[in-house]
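Observations on the three-dimensional arrangement
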Amino acid sequence: METSSPIRILTVCTGNICRSPVAERLLRSGLDQVRPGAFRVESAGTRAMVGEAVQPSSADIIRNYGGTADGFAARQLTPKILRDTDLVLTMAARHRGEVLQMDASLLRRTFTIREFARMLKVLEQRDTEQNDGAQAPAADLPAFWRALPVRAAAVRHLALAEDASENDVVDPYRRGEDMYRQMEDELAPALLTILRFARHNS
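Overview of the structure.

The rules we used
Residues numbered from 1 in each chain as written. Predicted model: local features only at pLDDT ≥ 70, side-chain atom pairs only at ≥ 80, totals over all residues. Heavy atoms only, no water. Pairing = 2+ DSSP bridges. Helix = DSSP H or I, 4+ residues; strand = E, 2+ residues; numbered from the N terminus. Axes fitted to C-alpha atoms, helices over the stretch in contact; angles between N-to-C directions. Contact = heavy atoms within 4.5 Å. Disulfide = S-S within 2.5 Å. Core = buried A, V, L, I, M, F, W, Y, C linked by side-chain atoms within 4.5 Å. Buried < 20%, exposed > 50% of the residue type's maximum accessible area, 1.4 Å probe, protein only. Polar contact = N/O pair within 3.5 Å; in protein donor to acceptor, adjacent residues only side chain to side chain. Phe/Tyr/Trp six-rings, centres within 6.5 Å; stacked < 30°, edge-to-face > 60°.

Remarks on the sheet that holds strand 3 (residues 87-90)
- Spatially, the four strands line up as an open sheet ordered 2-1-3-4, and their pairing is parallel. Both outer strands of the open sheet, strand 2 (39-45) and strand 4 (110-112), are each paired with one neighbouring strand and no more. Pairwise comparison of adjacent strand axes, ignoring direction, gives a mean angle of 25° for this sheet.
- Bridging between strand 3 and strand 4 involves three bridges; their strand directions are parallel. Opposite L89, over in strand 4, you have F111 as the bridge partner.
- Each of strand 1 (7-13), strand 2 and strand 3 touches helix 1 (residues 19-34); the most contacted strand, strand 2, lies at about 175° to it.

Right, here's the structure in full:
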């Protein structure tokens, strides 16, 4: 039987107006389709432009993938926000470092989003091999997802990037449309991997 409290996922970038809102809103809409009410996805910034809406180009990306940017307001990352989180997905390695400076106990629950997606691919492959090509859905979804960060951390060595830059999502703020397209190209595959993993294990 599943516990009632939702699985809490936090996405983190710098200003909380370009990258992490895209990750938040698209994970939220995708996970709501997988299991309505089972996940709570929010975001915050390490140097947030508090109260600001999503940047227009990021809002366009959210809409293009079927999400909504409505009602969004940037907020500053705080220890209290982190305390209430099961999984932290940062947009770059330096954000991961800033999260861990704030709360070192999150070491095995904090990943860059691209790194986490690669780890899920390793876990997916392992699970498929162990189940003769079939993946068994999780019996207790919250318990499965709360244990997932530790499982992912255990295969980090099998999911290393060839170049450290492959862990980061580029910051497009004030850098033109080409940078927003690059952000989308780097972020979308990771989001799709996470959502596919969620579907296969629900």
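Here's the deal with the state of the cysteines
- Under the counting rule described, the total for this entry stands at zero disulfides.
- Cysteine C13 shares no disulfide, and the gap to the nearest cysteine sulfur, in C18, comes to 6.8 Å.

As for the nonpolar core
- With 51 residues, the main nonpolar core has I9, F39, I113, F116 and W145 as its most contacted residues.
- Secondary structure elements with two or more residues in this core: strand 1, helix 1, strand 2, helix 2 (56-64), strand 3, helix 5 (113-130), helix 6 (141-154) and helix 7 (177-200).
- Contact partners of I9, with chain neighbours within four places excluded, come to L31, F39, R40, V41, E42, T85, L87, L89 and W145.
- Counting 10 residues, the second-largest nonpolar core is a separate cluster that includes I81, V88, L100 and L106.

Details of the environment of T14
- Mapped onto the secondary structure, T14 falls in the loop between strand 1 and helix 1.
- On a C-alpha basis, the gap between T14 and T90 in space is 9.5 Å, while along the polypeptide they are 76 residues apart.
- Not counting residues within four places of it along the chain, the set of residues in contact with T14 comprises R19, G45, T46, R47, A48, R94 and H95.
- Of note is the side chain of T14, whose polar atom sits 3.4 Å from the side chain of R19.

A few points about the packing of aromatic side chains
- By the definition in use, this model includes four aromatic pairs.
- Ring centres of F39 and W145 lie 5.1 Å apart, and the angle between their planes is 90°; this geometry places the pair in the edge-to-face category. Separated by 106 residues along the polypeptide, F39 in strand 2 and W145 in helix 6 bring together distant segments of the chain. Like W145, F39 is buried.
- Plain terms: the ring middles of F144 and F197 are 6.0 Å apart, the flat faces sit at 25° to each other, and that makes the pair stacked. One end of the pair, F144, is in helix 6; the other, F197, is in helix 7, and 53 residues separate them in sequence.
- Linked through ring pairs, F39, F144, W145 and F197 together constitute an aromatic cluster.

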